[in-house]
Each structure stands twice: as structure tokens, then as C-alpha cells.
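Okay, here's what each chain looks like letter by letter:
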Amino acid sequence: MLHLLRLEYTKSEQAAEPHIKDHVAFLDRYHAAGTFLVSGQTVQSEQGGLIIAAGVDRATAEKIAAEDPFVHADVGRYTITTIVPGRIRPDLADLLAPDAP
């Protein structure tokens, strides 16, 4: 399964600024673990950001999103969309296959 975690600011970007360092550490932790495949700010940045996560079930993706310092500080919230890939580019199959760890 893949999970698209959409972070939406609930307050201004300025309100989120004091929590950026901890948010980046959160991202780094899950990138290092291999759970987060891609993360980044949206364009326009005031909309928030997106994360693509893999190798965990939906409940775990929800728990991970709840750990984000932006969520704890009440400056952001997540919407999660879960998909089971039906078609995958051959060079990404090992990484994105439904059975991938």
C-alpha cells in the first residue's frame, strides 16, 4: 500500500515556523526508516506539503501523521489517501509493489 499524506496548515506559515526544526527531524526519521519515499512543500507553500509513504498499513500511517510536531502544535493536520498500486513503472516495481515492505 501507498499512502499520500497531505499536510494542510491550520494556521499561518508564520505560526508554524517555530516548529519547523522538529518537523524536519520527524521527516528525516521516517525517510531514514524507509517509510517516507517523497516529501515536500506544495507550490504555493502556504498550502502545506505532501508525503508519499510505503511499507506500512493505514493505521500505522495515521499514527505516524499524528506524531508530526505541526499536528502537536495545532498548526497542521493531515488527510490521508491510501492506494494499492495497480500499474507501476517496471523500474519502480520493487519499491512500490503492494507486497513491498
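It should be noted that the structure appears before, not after, this text.
All values derive from a computational prediction rather than experimental measurement.

**Q** Could you give an account of the environment of Leu-5, with specific residues and numbers?
**A** By the secondary structure assignment, Leu-5 is in strand 1 (residues 2-9). A C-alpha to C-alpha distance of 10.0 Å links Leu-5 and Ile-64, two positions 59 residues apart in sequence. Contacts of Leu-5, omitting those with residues within four sequence positions, involve Gly-49, Leu-50, Ile-51, Ala-53, Ala-61, Ala-65, Tyr-78, Thr-79 and Ile-80.

**Q** How would you explain the pattern of salt bridges if you had to name every residue and give the values?
**A** In this structure the tally under the stated criterion is six salt bridges. Of the charged contacts in the structure, one is a salt bridge between Glu-62 and Arg-58, with a shortest N-O distance of 2.8 Å. One end of the pair is Glu-62 and the other is Arg-58, both in helix 3 (residues 58-67) and four residues apart, which spans about a single turn. Its relative accessible area of 40% is what places Glu-62 among the partly exposed residues. You can call Arg-58 partly exposed: its relative accessible area is 33%.

**Q** Explain the side chain of Thr-35 to me, using residue names and the numbers behind them.
**A** Take Thr-35: it is sitting in the loop between helix 2 (20-32) and strand 2 (36-41). If near-sequence neighbours (up to four positions away) are discounted, Thr-35 is found in contact with Tyr-30, Ile-52, Ala-53, Ala-54, Val-56 and Ile-64.

**Q** Pulling in residues and values, what's your account of the packing of aromatic side chains?
**A** What the rule picks out here adds up to four aromatic pairs. Considering the side-chain rings of Phe-26 and Phe-36, the 5.7 Å spacing of their centres and the 70° angle between planes classify their relative orientation as edge-to-face. Residue Phe-26 is found in helix 2, and its partner Phe-36 is found in strand 2; the two are separated by 10 residues along the sequence. Across the pair, Phe-36 and Phe-26 agree in class, each one buried. Counting every residue linked through ring pairs, the aromatic cluster contains Phe-26, Tyr-30 and Phe-36.

Thresholds, definitions, all that
- Residues numbered from 1 in each chain as written.
- Predicted model: local features only at pLDDT ≥ 70, side-chain atom pairs only at ≥ 80, totals over all residues.
- Heavy atoms only, no water.
- Helix = DSSP H or I, 4+ residues; strand = E, 2+ residues; numbered from the N terminus.
- Contact = heavy atoms within 4.5 Å.
- Salt bridge = Lys/Arg side-chain N within 4 Å of Asp/Glu carboxyl O.
- Buried < 20%, exposed > 50% of the residue type's maximum accessible area, 1.4 Å probe, protein only.
- Phe/Tyr/Trp six-rings, centres within 6.5 Å; stacked < 30°, edge-to-face > 60°.

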